[in-house]
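Coordinates in review
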Amino acid sequence: MAEIGLDAITKSYNATVAVDDVSLRVGDGEFFVLLGPTGAGKTTTLRTIAGLEMPERGRVTIGGEDVTRAAPAERDVAFVFQQFSLYPHYTVYDNLAFPLRAPARRMAEAEIDRRVRKVAEQLHITPKLGNQATRLSGGEMQRVSIGRALVREPAVYLMDEPLSSLDAKLREGLRVELKHLQVDLGATILYVTHDQVEALTLADRIGVLHEGRLLQVDTPRQIYNDPDDAVVAYQLGAPAINFLPADALGLDTPGVASGAVRPEDVTLIAADAPADGSVPAVDATVTQVERLGPEDVAVFDWHGHTLRALLTPGQAISRGDVVALRFEPDKIMLFDARGRRVRRGADRNTAAGHGAGPMSQRADTGVRNAG
Ligand SMILES: Nc1ncnc2c1ncn2[C@@H]1O[C@H](COP(=O)(O)OP(=O)(O)OP(=O)(O)O)[C@@H](O)[C@H]1O
Ligand SMILES: [Mg+2]
C-alpha cells in the first residue's frame, strides 16, 4: 500500500478546464472520497493518477515516487471503472484471473488460483466462479469488477462510482462490505462519487470537487458541520441545507450575504411560545409534507422563501397549516456574496486543525474585491 499525492494538477480538454490546480494527499491506508456533481472533474482526476491522461501542469506521486510521466502499466494502481468492464464470454474465474495472467507478470497458476479464490471469498462470489460473466446479477457483476482490482494487490485503488449503476438496496449492502474490506486490507482507496451518503459513510476524509476545483478537504463530520463554502454546505446533507438572504434572517454583519441552516436545526414551535433570543420565523406555511419513514420532512413557504425542516415523530402537520419556526442563531452559517463562509470569532474553536486565521480571510477580501 502507498500514499497518493497530487501537486497543483491542471488538466484541460480544449477550452474546458476539467481539473483546475488540484492538490491533494491521500494517506497510506486511507479511504478518501472525492465528492462532486456531474462534470466536476472526478473521472479526469482518477484518469490522471492512473496515467490515462497527461496533465498540462502539476505532479503525481504514488508511494512518494514521481509518476507524472510514467506509463499506466508502470504505476501500481488498479482502476474500477464507472461502467462494468467484464469480458462477457469469460467465466467469473477467468475474469478475475485475467489481470494476473498478463505475460509481463509471469505469475504461476497456483498463485493465480490462490488469489482468485481468496478474492472470491472476500466478495462472496465463490459459488459463481464457474458462471459466465453475463449470467450474473448487476450486483454480482460489480463484485467481479471490484474483484478484478483486488486480485492485483496494487499499491492504490482508484474507484470511479463503482456502485452507481446498482439499485438502492444493493448499493447499500455492497457499500458496507466495501468499507469492511478496505479496513481489513488496509487499502489506500481514492473513490469518487456524486452520492453524499456514500461519501459520508465510506470516507475517512472527503474532498469536495466543483467545476474542477477542490473546495474543501476534511473528515465527514467536519465537512458537514463546518463547511468552508456554500457549495460544500449544499453538497452534503439530504434534505439540503436552507439558504436565506441575510436581511430575511435579520443579519447585519458586514460582508454577510446569506445565512444557511440545516433542516435538523429548524424547530417547529407553538405559535404563542415566548421569544427566547433565537430568530423566529413566524407565519411559515406548510406547502408539502414528505413522509420518508423514520423521518418526515416538511417544506415551508416563509415570505416567499422555501425552507425544509425535519419533523420529530408524531408531529402532525399538513399542507396549508401555518406554523412558527425557530432557528438557533449559532446554527446559522454565514456566507459572503461569493459563497465563501464568513466565520464568527467563536466558530473557529470548533474548526480546530484547519490552520486558518480567526476569520475567513478569503471571504473577507473576496467581498471587498468584488465590491
Ligand atoms: N475526453 C474528453 N474530451 C473533452 N472534454 C472532456 C473529456 N472528458 C471529460 N471532459 C469534460 O471535462 C469535465 C470533467 O469531466 P469528468 O468526466 O472528469 O467529470 P465527472 O466529475 O467524472 O462527471 P460524472 O459524474 O458525470 O462522471 C466535463 O466538463 C467534461 O465534459
Ligand atoms: Mg465520471
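For the structure itself, look to the data block above.
How each quantity is defined
Once a new chain begins, its residue numbering starts again from 1 and follows that chain's sequence as written. Following the order in which they are written, the chains are lettered starting with A and the ligands numbered starting with 1. Local features in this predicted model are restricted to residues of pLDDT 70 or higher, and side-chain atom pairs are both shown and tallied only at a pLDDT of 80 or more, whereas totals for entire chains, interfaces and linings draw on every residue. Side-chain descriptors were evaluated using all non-hydrogen atoms of the structure, hydrogens and water having been removed beforehand. Only heavy atoms are used to decide nearness, and a residue is near a molecule or strand if one of them lies within 4 Å of it. Only the protein chains shown count as cover for residues, and all accessible areas are computed by the Shrake-Rupley method using a 1.4 Å probe. Only DSSP runs of H or I reaching four residues or more are called helices, and only runs of E reaching two or more are called strands; each is numbered from the N terminus. The working definition used for a salt bridge is a side-chain nitrogen of Lys or Arg within 4 Å of a carboxyl oxygen of Asp or Glu. Strands are treated as partners if at least two bridges between them are detected by DSSP. We call a set of buried Ala, Val, Leu, Ile, Met, Phe, Trp, Tyr and Cys residues a nonpolar core when their side-chain atoms join them within 4.5 Å. Exposure is judged per residue with a 1.4 Å probe applied to protein chains only, and the accessible area is read against the type maximum: over 50% gives exposed, under 20% gives buried, and values in between give partly exposed. Residue contacts follow a heavy-atom distance rule, with two residues in contact if any of their heavy atoms lie within 4.5 Å. Here, axes are lines fitted to C-alpha atoms. For helices the fit covers the stretch in contact, and angles between N-to-C directions go from 0 to 180 degrees. The cut-offs work like this: below 35 degrees is roughly parallel, past 145 is roughly antiparallel, 65 to 115 is roughly perpendicular, and the gaps in between are oblique. Two helices crossing with the near one rotated counterclockwise from the far one by less than a right angle form a left-handed crossing, whereas a clockwise rotation gives a right-handed crossing.

What to know about the site of ligand 1
For ligand 1, the set of nearby residues contains 13 residues, the closest of which are Thr 38, Gly 39, Lys 42, Thr 43 and Thr 44. In the complex, the protein chains occlude 61% of the 630 Å² of accessible area that ligand 1 would expose alone. Only strand 2 (16-26) and helix 1 (42-50) provide two or more residues apiece to the shell around ligand 1. Considering every element that reaches the shell around ligand 1, the biggest residue donor is helix 1, with three residues.

Here's the deal with the pattern of salt bridges
Within the structure shown, the criterion is met by 24 salt bridges. Among the ionic contacts, a cluster of salt bridges with common partners joins Glu 3, Asp 7, Arg 25, Arg 59 and Asp 66.

As for the sheet that holds strand 18 (residues 333-335)
Spatial ordering of the open sheet is given by 11-12-18-19, a layout of four strands whose pairing is antiparallel. Two strands in the sheet have a free side with no partner beyond their single neighbour: strand 11 (242-245) and strand 19 (341-342). Relative to strand 19, strand 18 is paired through two bridges, and the arrangement is antiparallel. Residue Leu 334 lies in a different strand from strand 19, and its bridge partner there is Val 342.

Some details on the nonpolar core
Among the nonpolar cores identified, the biggest contains 46 residues, and Tyr 157, Met 159, Tyr 191 and Ile 206 are the most heavily contacted of them. What Met 159 contacts, discounting residues up to four positions off in sequence, is Leu 46, Val 80, Ile 146, Leu 178, Ile 189, Leu 190, Tyr 191 and Val 192. In this structure, Val 19, Val 22, Ala 40 and Val 192 belong to the second largest nonpolar core, which totals 26 residues.

Brief notes about the packing of helix 4 (residues 138-150) against helix 5 (residues 168-185)
Their axes nearest at 11 Å, the elements helix 4 and helix 5 cross at an angle of 20°. By the criterion of interaxial angle, the relationship of helix 4 to helix 5 is roughly parallel. At the point where helix 4 passes helix 5, the crossing takes the right-handed sense. Mapping the contact onto sequence places Gly 139, Gln 142, Arg 143, Ile 146 and Leu 150 in helix 4 and Leu 170, Leu 174, Glu 177, Leu 178, Leu 181 and Leu 185 in helix 5.

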